[in-house]
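# Per-entry structural report
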Amino acid sequence: MVTEPNLNPPYVAYRTFRTFLESLAISMPDRIDRSVFDSRFSGTATSQINSALRSLKLIDAEGNPSEALKLLARTEGEQHHKVLEQILRSYYLPVFRLDLERATKAQFREAMREFGCTDSMLVKCETFFIHAARHAGIPLSPYLKSNRKANPRSRSNARSSKSGARQPTMEDNGQSSAPESSGVDAATITMRELAIRVLEKYPDFDPKWSEETQTSWLEGMNKLQETFNVHNQPAS
């Protein structure tokens, strides 16, 4: 297998990555190339998934699927979780040198920095690992589980009840400061909350569905993601 050094750790949204893996359960192609993705994934998602597959050595430089990818795609339940855990342990060596059940967020970040990814990519890389590890059933420290940003409205309510005076700013949410009355900020928060509610109710992909149902499911997921991304763009 041709090796590809200096690749960033996976940074694609983990749900998108899982959706692609589930589509491979229907039929594993001889080669993973752009024609496999067809119109089901955006160009950005396709590039990010390909990068993740190469980083985890699930495909080689020519797109040939590894045995680990074939096993990951066709297994379910506990066996699937074990295969995923082994893949993660093989790649994230600096991370698994930590005691993940007690590690702090700072320790976790120091380990992730060993991969050499840029600061702009770091949070996305961390988020992919945390969601993948949770899916694999790997016990994680509560400090790492809190890496996912809190719902802005919940955070606002919590802070308001404590202080009774100070209202949270956009800096509290890890974003640049902006007027609290900004319509753009309110619309962004509303869209995020709506996306979370819809994703929670969206049915899990089932390889046993008919081809027509599977195609409709994937198209719906992509439209939802694209809609959220469009509404989530900062104002120019």
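Residues numbered from 1 in each chain as written. Predicted model: local features only at pLDDT ≥ 70, side-chain atom pairs only at ≥ 80, totals over all residues. Heavy atoms only, no water.

### Points about the overall build of the protein
Convention followed: Only DSSP runs of H or I with at least four residues qualify as helices, and only runs of E with at least two residues qualify as strands; both kinds are numbered from the N terminus onward. Here, residues are in contact when the closest pair of their heavy atoms is within 4.5 Å. Each accessible area is a Shrake-Rupley result for a 1.4 Å probe, and residues are judged covered by the shown protein chains and nothing else.
What the protein contains, in helices and strands, is 12 helices and zero strands. Counting contacts in the protein only where the partners sit at least 6 residues apart, residues at least 24 apart contribute 58% of the total. With the model as given, the accessible surface of the protein reaches about 13,900 Å², and the carbon-plus-sulfur share is 49%.

### Quick notes on the packing of aromatic side chains
Put simply, the test is: Pairs were defined over the aromatic rings of Phe, Tyr and Trp, the Trp ring being its six-membered one, requiring ring centres within 6.5 Å. Orientation was assigned from the angle between planes: stacked under 30 degrees, edge-to-face over 60, tilted for the rest. Note on exposure labels: buried denotes an accessible area under 20% of the residue type's maximum, exposed denotes more than 50%, and partly exposed covers the range between, all computed with a 1.4 Å probe on protein chains only.
Scanning all chains against the criterion turns up 12 aromatic pairs. Here Y14 and F128 contribute two aromatic rings whose centre-to-centre distance is 5.3 Å and whose plane-to-plane angle is 80°, an arrangement assigned as edge-to-face. Taken together, the residues Y14 in helix α1 (residues 14–24) and F128 in helix α8 (residues 119–136) connect sequence positions 114 residues apart. On the basis of relative accessibility, which here comes to 2%, the residue F128 falls in the buried class. Each ring, one from Y91 and one from Y92, has its centre 4.9 Å from the other, and the planes form 90°; the classification is edge-to-face. Put simply, the rings of Y91, Y92, F96, F108, F115 and F129 pair up and form one aromatic cluster.

### A few points about the pattern of salt bridges
What counts here: For this analysis, a salt bridge means a side-chain nitrogen from Lys or Arg found within 4 Å of a carboxyl oxygen belonging to Asp or Glu.
Across all of its chains, the model carries eight salt bridges by this definition. A salt bridge links R18 to E22; its shortest N-O distance comes to 3.6 Å. Residue R18 and its partner E22 are both found in helix α1; the two are separated by four residues, about one turn of the helix. Put simply, D33 and R31 hold a salt bridge, and the shortest N to O gap is 2.8 Å. Residue R31 is classed as partly exposed on the basis of its relative accessible area, which comes to 45%.

### Structural notes on the packing of α1 against helix α3 (residues 43–55)
If you want to describe how two helices pack, look at the angle between their axes and the distance between the axes. Basically, it comes down to this: With axes taken as lines fitted to C-alpha atoms, and helix axes fitted only over the stretch in contact, angles between N-to-C directions fall between 0 and 180 degrees. Between 65 and 115 degrees an angle is taken as roughly perpendicular, under 35 as roughly parallel, over 145 as roughly antiparallel, and anywhere else as oblique. Amino acid classes used here: Ala, Val, Leu, Ile, Met, Phe, Trp, Tyr, Cys and Pro are nonpolar; Asp, Glu, Lys and Arg are charged; the rest, including Gly, are polar.
Orientation of α1 relative to α3, taken along the N-to-C sense of each, is 80°, at an axis distance of 10 Å. Between α1 and α3, the angle is such that the two are roughly perpendicular. When α1 is examined against α3, the residues T16, F17 and F20 are found in contact with a partner set consisting of A45, I49, A52 and L53. Looking at side-chain class alone, the contact of α1 with α3 contains six nonpolar, one polar and no charged residues.

### Quick look at unusual backbone geometry
Notably, K57 is not glycine yet its phi reads approximately 60°, a positive angle. You can see K57 is positioned in the loop between α3 and α4 (67–74).

### Considerations on α3
Which entries qualify depends on this criterion: An expected span of 1.5 Å times one less than the residue number is assigned to each helix.
In this model α3 runs 18 Å from its N-terminal to its C-terminal C-alpha over 13 residues, within 8% of the 18 Å that 1.5 Å per residue would give. Three or more residues of α3 are buried, namely A45, T46, Q48, I49, N50, S51, A52, L53 and S55. Against α1, α2 (34–37), α4 and α5 (77–91) lie the buried residues of α3. Immediately beyond the C-terminal end of α3, within one or two residues, lies K57, with a positive phi of roughly 60°.

### A word on the nonpolar core
Worth spelling out the cut-off: The set of buried Ala, Val, Leu, Ile, Met, Phe, Trp, Tyr and Cys residues whose side-chain atoms join them within 4.5 Å is what this entry labels a nonpolar core.
Formed by 46 residues in total, the largest nonpolar core has its most connected members in F17, F20, L53, Y92, V95 and F129. Excluding residues within four positions of it along the chain, F129 makes contact with Y92, V95, F96, L100 and F108.

### Concerning the state of the cysteines
Spelled out, the test is: The disulfide definition used here is simple: a pair of cysteine sulfur atoms within 2.5 Å.
Under the definition given, this model contains zero disulfides. The thiol of C117 is unpaired, and the distance to the nearest cysteine sulfur, on C125, comes to 4.2 Å. Overall, C125 belongs to the buried group, its relative accessible area being 0%.

### Observations concerning the confidence of the model for the protein
Rule in force here: A residue's pLDDT is simply how confident the predictor is in it, with values from 0 to 100.
Averaged over all residues, the pLDDT of the protein is 77; the fraction at 70 or higher stands at 59%. Low pLDDT (under 50) marks residues 147–184, which in the prediction has 34 contacts with non-local residues, meaning those over four places away or in another chain. Counting contacts from residues 230–236, a segment whose pLDDT is below 50, to residues more than four positions away or on other chains yields five contacts.

### Structural notes on α4
Heads up, the condition is: This arc is taken over the directions from the axis of the helix to the C-beta atoms.
The complete set of buried residues in α4 reads L69, L72 and A73. Relative to the axis of α4, the buried residues are bounded by an arc of 95° and lie together on one face. Within α4, the exposed residues directed more than 90 degrees away from the buried face are E67 and R74.

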